[in-house]
Amino acid sequence: LRGEKIVELKTPFTYEQQVEQLRNHGMEIVNIYKARTLLTKINYYRFSGYALQYRKAPEDSDYMDGTTFDRVYKVYQFDAELRSVLRKYIEIVEIYFRAQISYGFSMAKCLAPPHDQHYDENNFYRKKEFNEVLSNLERDKNYYKDSLIVKHHKSKYNSKMPLWVMVELLSFSDISKLFGCMYNSEQNKIADKIGISASTLENHLHCLSVLRNKCAHAARLYNTKFYPPVKFNPQFLRTNPEVKNTSLFAYILVLLKRLPDKESKDRLINEILSLVDKFHKDVELARIGFPSNYVDLIKKQVY
């Protein structure tokens, strides 16, 4: 625009220049060929995010003495493997809550003909958000327009779907939002069956949708704060003040709490503990909010 100051962005670096840039900032790189090869597979900006804790100061680009490329790469590997573990169990929770939410609302509102009350905004408290979910559904139906589900309901039901079909097309974020749109009467019926309050379930669904999206898009979990803060009961907060509700550890506790069976919880705990043991020399567990008694706290979610 006329009169607007032009701000130049940083000059793009070749892979060789990226390696040199890291070395100029004080990172020790023994095997330059290995470092270059890894940077062809991992974006420089992504990789440097795992080195943030090694900076001399938050506003300083130089690294502390002894910071090595290999150590940063180990942290990166830990993060990648942890995302892979969490994704498997988030999927279990996601499928479970698609079933719980669709069943609970359908039994409460959709028994009378024409059984399409889940399309009526008057059956939802937050009407604006509900209409956003419907809008996203239309987008998703267009994306899956060649699927048998969409074709069948388009030809036979004028594109309307029962809620238990609709939830299979919605993203987990929209599933979370759909629950948040409901009146307390429907929320409470769903939450009571699970054994928690509706407000806590709404918060946990939101948290899990955030964690799911981060894992699905390969976002960094390590040394990251999470929002929204997890809603724990007051007694837990009083007895465990070291647990920060914006930490990855808090989000992992939510995942454990919301898994529907003991077997899944046991498997997740074993995989997390095994991963921590594998990388214990390379990662700082405090960077993901793990307190010193993390083993006991994790196991309490099962026993």
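It should be emphasised that the depicted structure is a prediction, and the values quoted were computed from it without experimental measurement.

Draft legend 1. Expanded view of the environment of Lys 151. Tracing the sequence through the fold places Lys 151 in helix 6 (residues 148-157). For the pair Lys 151 and Thr 246, spaced 95 residues apart in the sequence, the C-alpha separation amounts to 42 Å. Every residue in contact with Lys 151, bar those within four places of it in the chain, is listed here: Lys 145 and Asp 146.

Draft legend 2. Quick look at the pattern of salt bridges. Scanning the model with the defined rule gives 14 salt bridges in all. The closest approach of N and O atoms between Arg 83 and Asp 79, which form a salt bridge, is 2.8 Å. Here Arg 83 and its partner Asp 79 are both found in helix 4 (residues 69-109), four residues apart, which amounts to about one turn of the helix. Per residue, the accessibility class of Arg 83 equals that of Asp 79, and both read buried. For Glu 94, the salt bridge is made with Arg 98, and the minimal N-O distance between the two is 2.4 Å. Of this pair, Glu 94 and Arg 98 are both found in helix 4, four residues apart, which corresponds to roughly one turn of the helix. Arg 98 carries the same exposure label as Glu 94, and that label is buried. If you follow the salt bridges from partner to partner, you end up with Glu 94, Arg 98 and Arg 212 in one network.

Draft legend 3. Quick look at unusual backbone geometry. Between Pro 113 and Pro 114 the backbone carries a cis peptide bond, its omega angle lying at 10°. Tracing the chain through its elements places Pro 114 in the loop between helix 4 and helix 5 (127-143).

Thresholds, definitions, all that
Residues numbered from 1 in each chain as written. Predicted model: local features only at pLDDT ≥ 70, side-chain atom pairs only at ≥ 80, totals over all residues. Heavy atoms only, no water. Helix = DSSP H or I, 4+ residues; strand = E, 2+ residues; numbered from the N terminus. Contact = heavy atoms within 4.5 Å. Salt bridge = Lys/Arg side-chain N within 4 Å of Asp/Glu carboxyl O. Buried < 20%, exposed > 50% of the residue type's maximum accessible area, 1.4 Å probe, protein only.

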